[in-house]
Amino acid sequence: MKPERRGSRAPNFSLKDADGRTVQLSDYRGKVVLLNFWATWCDPCRYEIPWFIEFERQHKGQGFAVVGVSMDEDGWQAVKPFISGARHQLPHPAGR
């Protein structure tokens with residue numbers, strides 16, 4: 001086996017979460033982060049979100065995190081009703 005290679009550090013960015021708090025990528029330094037760009041109108045996105053929720057739940061103790069970035073043009077007006085639904089309650093930040 002070869003030793004793990006470390007890549008370069010991702011550039012930092014910040015977004016507001018559903019509660020208006022600032023979330024920065026650098027808040028997750030030292031973790032493996034899945035950065036998920038999604039939209040409420042995207043059928044494949046709607047399909048994968050529950051999988052991401054479960055995968056993060058299973059692996060967060062091992063340093064894994066999911067950060068969702070909505071691409072909806074209507075911003076939180078479209079996203080908040082979507083993430084409040086029982087199937088899409090996101091435990092990870094969903095920035096806009």
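Residues numbered from 1 in each chain as written. Predicted model: local features only at pLDDT ≥ 70, side-chain atom pairs only at ≥ 80, totals over all residues. Heavy atoms only, no water.

Participant: Residues and numbers for the nonpolar core, please.
Facilitator: Within the largest apolar cluster, 10 residues are counted, these being Trp38, Ala39, Cys42, Cys45, Ile49, Ile53, Trp76, Val79, Phe82 and Ile83. Where this core is concerned, the elements lending two or more residues are helix 1 (43–59) and helix 2 (76–84). With four residues, the top contributor of residues to this core is helix 2. Discounting residues that sit within four places of it in the chain, Cys45 has contacts with Phe37, Trp38 and Ala39. (Core = buried A, V, L, I, M, F, W, Y, C linked by side-chain atoms within 4.5 Å. Buried < 20%, exposed > 50% of the residue type's maximum accessible area, 1.4 Å probe, protein only. Helix = DSSP H or I, 4+ residues; strand = E, 2+ residues; numbered from the N terminus. Contact = heavy atoms within 4.5 Å.)

Participant: Before we move on, could you go through the state of the cysteines and cite the residues and values that matter?
Facilitator: Taken as a whole, this structure holds one disulfide when the rule is applied. Disulfide pairing places Cys42 opposite Cys45 at an S-S distance of 2.5 Å. Looking down the S-S bond of the Cys42 and Cys45 bridge, the torsion is 75°, so its handedness is right-handed. Take Cys42: its relative accessible area is 16%, and that puts it in the buried class. (Disulfide = S-S within 2.5 Å.)

Participant: Which residues make up a nonpolar patch on the surface, and what values go with them?
Facilitator: Taken together, the side chains of Leu35, Phe37 and Met71 present a nonpolar region at the surface, about 280 Å² in accessible area. Its place among the elements puts Met71 in the loop between strand 4 (64–70) and helix 2. Residue classification places Met71 among the partly exposed residues on the basis of a relative accessible area of 45%. (Patch = residues over 30% accessible without salt bridge, like charges linked within 9 Å, V, L, I, M, F, W, Y side chains within 5 Å. Areas by Shrake-Rupley, 256 points an atom, 1.4 Å probe, with all protein chains shown as cover. Salt bridge = Lys/Arg side-chain N within 4 Å of Asp/Glu carboxyl O.)

Participant: Quick rundown of the pairing of strand 4? Include the residues and the values.
Facilitator: Strand 4 sits mainly inside the fold: seven of its seven residues count as buried. Residues Phe64, Val66, Gly68 and Ser70 point to one face of strand 4 and Ala65, Val67 and Val69 to the other, with burial holding for every one of them. Taken together, the seven bridges between strand 3 (residues 32–38) and strand 4 define a ladder with parallel strand orientation. Across the sheet, the residue bridging to Val32 is Phe64, located in strand 4. Read from strand 3 through helix 1 to strand 4, the crossover connection turns out right-handed. (Pairing = 2+ DSSP bridges. Right-handed = clockwise from strand over helix to strand, strands pointing away.)

So far we have only geometry, and geometry alone does not tell us how the molecule works.
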